[in-house]
Amino acid sequence: MKPVKVYVSDDIAVDSAIEYLQSHIPDDVRNSQEYGFIFPEIKSCIEEFSQKAKKLANAGTTIHIDKEYKVAGSKILVVLEYPRKKGLFERIAGILRRG
C-alpha cells in the first residue's frame, strides 16, 4: 500500500494539511485503536513542521525532512519541504500568469 503523504510548507495552512491527511487515510486505519494514540503526535508534527517552514521562509534557507508513522499496516508520511518544489503544472501556470 502506498504511503499517505502530507506536505507542509510555509504556504500551506496547518488545518488544511490535517484535513487533507484525514481525508486520505483509509477508514480501517482511522478506526483502529492505534490511530487514536498516534494521531495527536502526527498533528503536532504537522504543526511543528509548519512553524519551521515559516521561520525558514524568513531566513531564506532550504530544507527537506520526512517523518514516517506506521499505523495498522499503513504508512503516513509527513514531509516538510521549503521551498516547496513546484510541479510541471504549477510552473506552466506561473509562466502563463506572467506572460
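Refer to the structure presented above.
Throughout this document, residue positions are counted from 1 along each chain, in the order its sequence is written. Local features in a predicted model are, by the rule used here, given only for residues with pLDDT of at least 70; side-chain atom pairs are given and counted only at 80 or more, and totals for whole chains, interfaces and linings are based on all residues. To obtain the side-chain values, all non-hydrogen atoms of the structure were included, while hydrogens and water were left out.

(A) Summary view of the overall build of the protein chain. Numbering of helices and strands runs from the N terminus; a helix is a DSSP stretch of H or I covering at least four residues, while a strand is a stretch of E covering at least two. The helix and strand tally for the protein chain stands at four helices and three strands. Burial status follows relative accessibility: with a 1.4 Å probe on protein chains alone, a residue under 20% of its type maximum counts as buried, one over 50% as exposed, and anything between as partly exposed. Burial status across the protein chain gives 32% buried among its 99 residues. Sequence-distant contacts, at least 24 apart, represent 60% of the contacts inside the protein chain between residues at least 6 apart. Contacts are assigned to residue pairs with any non-hydrogen atoms lying within 4.5 Å of each other.

(B) Up close: the sheet that holds strand 2 (residues 63-71). DSSP bridges decide pairing: two strands pair if at least two such bridges lie between them. What the three strands build is an open sheet, ordered 1-3-2; its pairing is mixed. At either end of the open sheet lies a strand with only one pairing partner, and these are strand 1 (4-8) and strand 2. Ignoring which end each strand starts from, the neighbouring axes of this sheet average 15 degrees apart. Relative to strand 3 (residues 74-82), strand 1 is paired through five bridges, and the arrangement is parallel. Considered in strand 3, the bridge of Lys5 is made with Leu77. Only the stretch in contact is used when fitting a helix axis, every axis being a line fitted to C-alpha atoms; angles between N-to-C directions are given from 0 to 180 degrees. Its contacts with the sheet place helix 1 (residues 14-24) against strand 1 and strand 3, and it is angled at close to 175 degrees to strand 1.

(C) Quick peek at the pairing of strand 3. Counted residue by residue, strand 3 has eight buried out of nine residues, so it is predominantly covered. Where strand 2 meets strand 3, nine bridges bridge the pair, whose relative direction is antiparallel. Within the sheet, the bridge partner assigned to Lys67 lies in strand 3 and is Val78. Hairpin connection, strand 2 to strand 3: the antiparallel pair is bridged by two residues, and Ala72 has positive phi, about 50 degrees.

So, to be careful, I would describe these as geometric facts and stop short of saying anything about function.
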